[in-house]
There are 2 protein chains.
Amino acid sequence: MPQIAPSPTAAVLIIGDEILSGRTRDTNLNTLARFLAPLGVDLMEARVVGDRQDQIVGALNALRAAHDYVFTTGGIGPTHDDITADAVGAAFGVPVSEHPEALAILARRYAPGEFNAARRRMARVPDGGVLIANPVSGAPGFQVENVFVMAGVPKIMEAMLDDVAPRLKTGVPVHSRSLRVAGVGEGAVADILRAAAEARPHLSFGSYPFGFSVDQTPGQVGTHLVIRGRDSAEVNAAEHDLVANLRSAGIEIAAT
Amino acid sequence: MPQIAPSPTAAVLIIGDEILSGRTRDTNLNTLARFLAPLGVDLMEARVVGDRQDQIVGALNALRAAHDYVFTTGGIGPTHDDITADAVGAAFGVPVSEHPEALAILARRYAPGEFNAARRRMARVPDGGVLIANPVSGAPGFQVENVFVMAGVPKIMEAMLDDVAPRLKTGVPVHSRSLRVAGVGEGAVADILRAAAEARPHLSFGSYPFGFSVDQTPGQVGTHLVIRGRDSAEVNAAEHDLVANLRSAGIEIAAT
């Protein structure tokens, strides 16, 4: 087993009453997870909080102390319920003021009569913050130390990641293999999977059932087995052994 | 403003490496949010952690101390990576053992040769736990004090809520009204919305842009305005006033 340097760790903080009320189904966590995985940055945890400064400050200070990076989404628009910039300033103990470059970006974006006080609010950044480009709607995000503050609108958040990626230390990406066994429940493969996991403690082995429905009929259900690890040769070897052991038990792998 | 008793508060804890790796997009948070809202239970925060006992115990102990209810999803299946029952036992400081009723349910579900040691694991419940019925696949969830431990598979989690609902204290449900203004960005309604929020501090006013795309064309974008509060008469009055103030500014409400 080669020595592998520790990978950077990350957390996500999703900000917005609309997620907790059920009005909006968050998709940004999954987008961020899929963005970080190939960079070798380990997403360790996520939190969802409402539009309340005490909640945002508490969660942000816990997460930024525990991880190399924190990515926040939501609360950077022009309306009174957009309080993320102030909350991030409070978390870092720095004032929030109009960022000249952000102001210039916004002034170019809006006609003179449209660039009102509410829209100027989107230029407010905690002191020391570095802008994150927003190619969709102009109003930038910002980075303060290890915290990346991004929009909640999924298309805008995703577009901001182009400007975030080059700023991250990367790690060794995790390789993953997925095996699909149809017509076989998790309980039928559990012993084989446990033995595989015990034989290769550097890898992680997951098991995810599929096909459940309230009026299920036999044969519909099955299991996805997922092998994950940083050493691709070891992941490949584990897949080879797992397939052989499943076949010895009479369990065939289906096309994924 | 009538005096309203405080509503119960809740948190959600989503457990599973597959959410943080990006393999699976969580939908259970949204399902739980929409389940709790009409019961008048305030969902205050959510966390997502991996399949690690220290993470689960830390998050669960923080959340169960801070809220009336905690709802967990994931990690109660038969495989080695299903560690939620042990983690919940560790969080409460109680042993985990085979629950006779859970064992009976599982024994009925499987043919004798199929009811193996892995599947017996699904009968393990922290001492003092009360089962939560699983009408989809048999293996029950469980409740320990104010913590409801449910499956990660969305169809199973959702079906378990039928058995959870009668156990909850309820509060006064939040009423919400949504107004759609097309062709008008958030910045154009921000002042009117802020004034509305300042005039009615018992209500919450949210603003959510829609229609952003990378190659956006003018007129596509717009804003949803959401008014929320427990007093339906006040929510209705706020909606009436907001519509009037938007119209005075030349902004028409579109059909939602």
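Per an unreviewed UniProt entry, chain A is named CinA-like protein, and its organism is Brevundimonas vancanneytii.

**Examining the domain arrangement of chain A**
For an interface, size is often stated in terms of accessible area lost upon the parts coming together. For chain A, the assigned domains read domain 1 (9–167) and domain 2 (175–249). If you average the C-alpha positions of domain 1 of chain A and of domain 2 of chain A, the two centres end up 38 Å apart.

**Focus: unusual backbone geometry**
Backbone geometry at Glu145(A) places phi at a positive 50°, although glycine is not the residue there. Take Glu145(A): its relative accessible area is 59%, and that puts it in the exposed class.

**Regarding the packing of helix α2 (residues 28–36) of chain A against helix α7 (residues 154–164) of chain A**
Any two packed helices are characterised by the angle at which their axes cross and by the distance between the axes. Residue and element names in this part refer to chain A. The N-to-C vectors of α2 and α7 enclose an angle of 25°; their axes lie 10 Å apart at closest approach. As judged from the angle between their axes, α2 and α7 are roughly parallel. Crossing geometry of α2 relative to α7 is assigned as right-handed. For the pair α2 and α7, contact is made by Asn28, Thr31, Leu32 and Phe35 and by Pro154, Met157, Glu158, Leu161 and Val164, respectively. Taken together, the residues that form the contact of α2 with α7 break down as six nonpolar, two polar and one charged.

**Structural notes on a positive patch on the surface**
Side chains of Arg25(A), Arg34(A), Arg25(B) and Arg34(B) sit close together on the surface and give a patch of like positive charge. When you line up the elements, Arg25(A) lands in the loop between α1 (17–20) and α2. You can call Arg25(A) partly exposed: its relative accessible area is 45%.

**Structural notes on the interface of chain A and chain B**
If you look at the interface, chain A gives 62 residues, while chain B gives 61 residues. On the chain A side of the interface with chain B, the three residues burying the most area are Arg23(A), His80(A) and Phe212(A), jointly 12% of the side's total. Linking chain A with chain B are zero salt bridges, by the criterion used here. Inspection of the region where chain A meets chain B yields 18 residue pairs in polar contact (both at pLDDT 80 or more). Of all elements in the fold, only α1, α2, β2 (42–49), α6 (117–120), α7, α8 (186–199), β10 (204–210) and β11 (222–229) of chain A reach the threshold of two or more residues within the side of chain A that touches chain B. Of the residues forming the side of chain A that touches chain B, the biggest block, eight residues, is contributed by α8(A). In terms of residue class, the side of chain A that touches chain B is built from 25 nonpolar, 19 polar and 18 charged.

**Overview of the relation of the copies chain A and chain B**
By a simple turn and slide, chain A fits onto chain B: the slide is 0.0 Å along the axis, the RMSD is 0.0 Å, and the turn is 180°. Considering both components of the superposition, the chain copies are consistent with a two-fold axis. Across chain A, the smallest distance between a C-alpha and the rotation axis is recorded for Arg47(A), namely 2.2 Å. Mapped onto chain B, 98% of the interface residues of chain A again fall at the interface, so both copies present the same surface.

**Quick notes on the sheet that holds strand β11 (residues 222–229) of chain B**
All names here are of chain B. If you walk across this open sheet you meet the three strands as β9-β11-β10, and the pairing is antiparallel. In this open sheet, the two edge strands, each paired with only one partner strand, are β9 (175–182) and β10 (204–210). Averaged over neighbouring strand pairs, the angle between their axes works out to 20° when direction is ignored. Of the strands in this sheet, β9, β10 and β11 touch helix α8 (residues 186–199), which is tilted by about 170° from β10.

Conventions adopted
- Residues numbered from 1 in each chain as written.
- Chains lettered and ligands numbered in written order.
- Predicted model: local features only at pLDDT ≥ 70, side-chain atom pairs only at ≥ 80, totals over all residues.
- Heavy atoms only, no water.
- Domains from an automatic or database assignment.
- Buried < 20%, exposed > 50% of the residue type's maximum accessible area, 1.4 Å probe, protein only.
- Axes fitted to C-alpha atoms, helices over the stretch in contact; angles between N-to-C directions.
- Helix = DSSP H or I, 4+ residues; strand = E, 2+ residues; numbered from the N terminus.
- Parallel < 35°, antiparallel > 145°, perpendicular 65-115°, else oblique.
- Left-handed = near helix turned anticlockwise from the far one by under 90°.
- Contact = heavy atoms within 4.5 Å.
- Nonpolar A, V, L, I, M, F, W, Y, C, P; charged D, E, K, R; others polar.
- Patch = residues over 30% accessible without salt bridge, like charges linked within 9 Å, V, L, I, M, F, W, Y side chains within 5 Å.
- Areas by Shrake-Rupley, 256 points an atom, 1.4 Å probe, with all protein chains shown as cover.
- Salt bridge = Lys/Arg side-chain N within 4 Å of Asp/Glu carboxyl O.
- Lys, Arg positive; Asp, Glu negative; His and termini not counted.
- Charge placed at Lys NZ, Arg CZ, Asp CG, Glu CD.
- Buried area = accessible area lost by both parts, 1.4 Å probe.
- Polar contact = N/O pair within 3.5 Å; in protein donor to acceptor, adjacent residues only side chain to side chain.
- Least-squares fit on C-alpha atoms with pLDDT ≥ 70 in both.
- Pairing = 2+ DSSP bridges.

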